[in-house]
Amino acid sequence: MSMVYNQIYKCRKCGAEFCPVTTHGRAAAGKDMNEFIRRANGTPKYISERMALVPKLYAQHNCDNGNIGVADFIGYEKQEL
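Conventions adopted
Residues numbered from 1 in each chain as written. Predicted model: local features only at pLDDT ≥ 70, side-chain atom pairs only at ≥ 80, totals over all residues. Heavy atoms only, no water. Helix = DSSP H or I, 4+ residues; strand = E, 2+ residues; numbered from the N terminus. Expected span 1.5 Å × (residues − 1). Contact = heavy atoms within 4.5 Å. Phe/Tyr/Trp six-rings, centres within 6.5 Å; stacked < 30°, edge-to-face > 60°. Pairing = 2+ DSSP bridges.

Student: How should I be thinking about helix α1 (residues 26-40) in this particular structure?
Tutor: Because each turn of an α-helix spans 3.6 residues, side chains separated by three or four positions end up pointing in the same direction. End to end, α1 covers 21 Å across 15 residues, agreeing with the expected 21 Å (1.5 Å per residue, within 8%). On its buried face, α1 sits against β1 (3-11), β3 (22-24) and β5 (68-80). Gly 42 lies just past α1 and shows a positive phi near 85°.

Right under this line is the structure:
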């Protein structure tokens, strides 16, 4: 059975949770999470070959009612395939 990890963001405006990026496997998700934590803690920028998949601290969210909100990265959610 295969496992993926979905990056979960939560909108501050409407409270919706959404997933813009899925990472394949726990090892990859863990590596991306460590890179995220280093950046969030102010470690000098480290260029990783996976940088495009590393979570961002904030993301824009287009709410269902037309508002535009700011979403926070809140973690990974595992999903079995």
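Student: Quick question: what am I supposed to make of the packing of aromatic side chains here?
Tutor: Here a ring pair, both rings aromatic, is described through the centre-centre distance and the interplanar angle of the planes. As enumerated under the stated definition, the model contains four aromatic pairs in all. Their ring planes at 65° and their centres at 4.8 Å tell us that Phe 36 and Phe 73 sit as a pair that is edge-to-face. Taken together, the positions of Phe 36 in helix α1 and Phe 73 in strand β5 put the pair 37 residues apart, joining distant regions of the chain. Here the aromatic residues Tyr 9, Phe 18, Phe 36, Phe 73 and Tyr 76 are joined through ring pairs into a cluster of three or more.

Student: Whenever I open this one, the pairing of β5 confuses me. Can you help?
Tutor: In summary, the side chains of a regular strand alternate between the two faces of the sheet. Of the strand pairs in this sheet, β1 and β5 are connected by nine bridges, and their pairing is antiparallel. In the strand pairing of β5, Cys 11 is matched with Ala 71. As defined by bridge partners, strand β4 (residues 58-62) adjoins β5 across five bridges and the pair is classed as antiparallel. Residue Ala 59 lies in a different strand from β5, and its bridge partner there is Ala 71. The antiparallel pairing of β4 with β5 creates a hairpin that spans five residues between the two strands, and Gly 66 there sits at a positive phi of about 100°.

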